[in-house]
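As a plain string of letters, each chain reads:
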Amino acid sequence: MTKRLFFSIITAFGYFGLMAQSSGVLIQGYATTSQANCPTPVSYTYVMYGNTYTYGPNDSVDCFIDFGDGFDTTKRVPLSYNNQVGSFSFYSMHTITSPGIYTATFIATGPDGDADTIVTTKMVTNTCNNVTGKFYKDNNSDCAFNAGDDPFIVQNIYLYYNNAIVGSAWTNGTGDFSFSALSGYTYTMRPAPIAFCSYACAGSDSIVFALSGSYNGDFIVDTTAGFSVNSYGDSSITYCTVPTSINFYVSGEAIGYAAGSNMSVYVNFGDGNDTSVLCPIYNSNTPLQSWNSYGITHNYFSPGNYAIEYIVTDPNGASDTIIVPNDVVISGTCGNLEGIAYLDNNSNCLFDAGDSVISNMWVYVSVNNAYAAVVHTDVNGHYSVSLYPGNYNVGINQNNGYTLTCPSSGMQTVTITSSTTTTADFGMECPPGNFDLRAVVNAWGFRPGFSGLLYTTFSNLTCLPTNATVKVILDPMTTYVAPYYNNTPVPTISGDTLIWSVSNLSLNTTNWNYNQNYFAVEILTDISAQLGDTLHFSVSILPTTGDDNTANNFDDFSGVVRSSWDPNYKQVFPEGIGSTHDVAPQTDFNYTIHFQNLGNAPAMNVLVTDTLDPDLDLTTFHVTGSSHFVQPNIEPGNVLTFRFPNINLPDSASDPAGSQGWVSFNIESRNGLSTGTQITNTANIYFDFNPAVITNTTLNTIDIALSVNESELAGAKVYPNPADDNLIIEFGSQTTGVYFLCDITGKQVLSGTINSSQAMLNVASLPDGLYMLIVQTENGNTAHKLVIRR
């Protein structure tokens, strides 16, 4: 029988999703580059990677790249395996010396001869930034950018040649963008789609032009108001009893409405009842606006299938109607699925005496490849969910530091019948090896003479218990005041350093419901601090001896002194490199949502909602900390909800410190994302029945050049980490390449060439902190997070 090879190829430059199939081989193509396309000579990193499903662990894939300028390269790449999925990757540096438009060809061939080919167009030029423009909203309808017009920020513009994307650019803080292109060719410029935008003056979202020297073309959006509905639905999937209370939500984007305007949302619940609510339209630092309505609650008293009707009407009377048949199905004939996640200490695949429970594990219930329910285990390792009768697949989050052994397949098939309980337990074991300590520091609220909050989250990512010491170094312009929450012990203070000791830290001692594994303290910013000053904080967790990954034992945070700030905001770590906050594929993001009650009375309940970016992997989501007891949930449409019931959050006037709270969670980006993929996140915060407070939007951009590929750089070592005066990059043989060292802001602070088996970087003049080292060689790319500390 012929084997089948399935893989993805990352190509050289441009944004496109090309799907091809040949000889049973499926290729998905995209692109990356290490530099701009001008001036020549230009060096690029060409990347090729993919997955296989039927070859053996000793097989290889032949990777071939024709760069289109008379040069090519080839390499046989061994497969690596994770469960049943094989993967390979191939990195190759190449320099193009002459301007031109080149077609690069990528071919991957399996061991049985199955192969597929993908091509992409690449443009190289000697003239830089000769195609320019602006993207803005023309508020006075004069087809020119002037006072009163609004620029679009962080909007993506694409440059096409012969229907292939040969360039992309983001608008900056003033709405400007620029490309580098060859003269003598005809191009098309087009922005990423914005559904409700209409283009003024030119009347189109496409600009076609023949380039001769330079060109300027603007994308102008007129003043016509418009809106879109981005998400809608209800808070749960299965309803089995009556009466039952269901929460509904509707949200979307808008443009062109006056400040203080409202969208009107009408919901017909399908049982003879309806309601209407007003949703404020919120402005941001770009013409795009947002609106949402959460907390529409309705009680159903009879079983049945109910069609829900949503009608959204803007301030000008324009409306959009959405009817969802059988959106709410209430049945009295459900069964129950429950189970225990446990540490199988005696390896008998039974939860019995001597085994320990595992909390905060997400259980995924699916039918026909769609989620029917997502629930988490409680403090007793138990989960429970009501389901309609039928067959379901039940799995559990395996990205958690444990090894799932019962069942070994990782998936169980269950049959749910009416009014009965079906059990599906999951047994785990601790994999052998060392411990892996991790610490992250964060802080906010820097105002001269005022108190702010600093907290560090810490954990052991393995099951092997170890004693640990957590040290936080404060900025000289701040001083420790007191523990922020009662669960934070008083630290030992040594100069500018706060020190805590932790016993028997492991995965089994992590429980976000009870606020473990974080320390929060109140800090005072010195009255002499100046607006715009940057304050630096760092954390370390020791020991490093016996730690599998010492790079995550250290973390730094920098914050700016301000006269005022919005205390309801969202943070992401890592922040990423540069203005587009570039990160490697499959980055593990830690998001923290801060909130503060700025009203004049306590908030009885707080609700935080966060619609996940579709490029984030829902199955890797887990809560890592919260200031108060929280009830997390995953709702339809990948909407995270964090409910703080009976929080009784004081108002900021009566209790500034007590009026603040936060929730933090980790989640990874999806596998296979291409360079240029943006990952954004915005949260909505509801204090009782008040309108949502909308946070800032975080941004990260995938850059495959930052990928860590140890198999391609076998034998490469970067040490010591932490470094003090010198940093060494060591290879197993003679190597040619380049390196770049960037600080936490993405600024390049060191660079150089590699022409031997070892390179030494003198970092003595660099300040202590977190850095990213990027190494590019003829054998591949690698990125290392490292710390400089003396």
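Residues numbered from 1 in each chain as written. Predicted model: local features only at pLDDT ≥ 70, side-chain atom pairs only at ≥ 80, totals over all residues. Heavy atoms only, no water.

### A closer look at the overall build of the protein
When helices and strands are tallied, the protein shows 0 helices and 62 strands. Taken across its 790 residues, the protein has 51% of its residues classed as buried. Only carbon and sulfur atoms are counted for the fraction: they give 50% of the accessible area of the protein, which is about 32,500 Å². (Helix = DSSP H or I, 4+ residues; strand = E, 2+ residues; numbered from the N terminus. Buried < 20%, exposed > 50% of the residue type's maximum accessible area, 1.4 Å probe, protein only. Areas by Shrake-Rupley, 256 points an atom, 1.4 Å probe, with all protein chains shown as cover.)

### Here we look at the state of the cysteines
Across all of its chains, the model carries 3 disulfides by this definition. The side chain of cysteine 38 participates in a disulfide bridge whose partner is cysteine 128; the two sulfur atoms lie 2.0 Å from each other. Sign of the S-S torsion, about 130 degrees for the bond between cysteine 38 and cysteine 128, identifies this disulfide as right-handed. Taken together, the residues cysteine 38 in the loop between strand S3 (25–31) and strand S4 (42–52) and cysteine 128 in the loop between strand S10 (115–124) and strand S11 (131–137) connect sequence positions 90 residues apart. (Disulfide = S-S within 2.5 Å.)

### Brief notes about the nonpolar core
In summary, soluble globular proteins display a tendency toward joint burial of nonpolar side chains. Within the largest apolar cluster, 33 residues are counted, with the highest numbers of intra-cluster contacts made by Phe595, Val606, Val608, Phe621, Phe642, Phe644 and Phe665. When contributions to this core are tallied by element, the ones reaching two or more residues are strand S29 (362–367), strand S48 (588–596), strand S49 (606–611), strand S50 (616–626), strand S52 (639–644), strand S53 (660–669) and strand S54 (678–687). Residue contacts for phenylalanine 621: discarding those within four places in its chain leaves Trp362, Ile634, Leu640, Phe642, Phe665, Asn666 and Ile667. (Core = buried A, V, L, I, M, F, W, Y, C linked by side-chain atoms within 4.5 Å. Contact = heavy atoms within 4.5 Å.)

### A closer look at the confidence of the model for the protein
Model confidence for the protein is summarised by a mean pLDDT of 81, while 87% of its residues fall at 70 or above. Note on residues 1–25: pLDDT is under 50 here. Beyond four places in sequence and across chains, it has 120 contacts. Here residues 511–515 scores under 50 on pLDDT; set against residues more than four positions off or in separate chains, the count is 18 contacts. (pLDDT = per-residue confidence, 0-100.)

### Details of the side chain of serine 180
Tracing the chain through its elements places serine 180 in the loop between strand S15 (176–179) and strand S16 (186–191). Looking at serine 180, its side chain comes within polar contact range of the main-chain nitrogen of asparagine 129, at 2.9 Å. (Polar contact = N/O pair within 3.5 Å; in protein donor to acceptor, adjacent residues only side chain to side chain.)

### Examining the pairing of strand S38 (residues 451–460)
Summarising burial for S38: 9 of the 10 residues are buried, a large majority. Taken together, the 8 bridges between strand S37 (residues 437–444) and S38 define a ladder with antiparallel strand orientation. Counted as the bridge partner of valine 440 is threonine 457 from S38. Where S37 folds back onto S38 in an antiparallel hairpin, the turn is made up of 6 residues, including glycine 445, whose phi is positive at roughly 85 degrees. (Pairing = 2+ DSSP bridges.)

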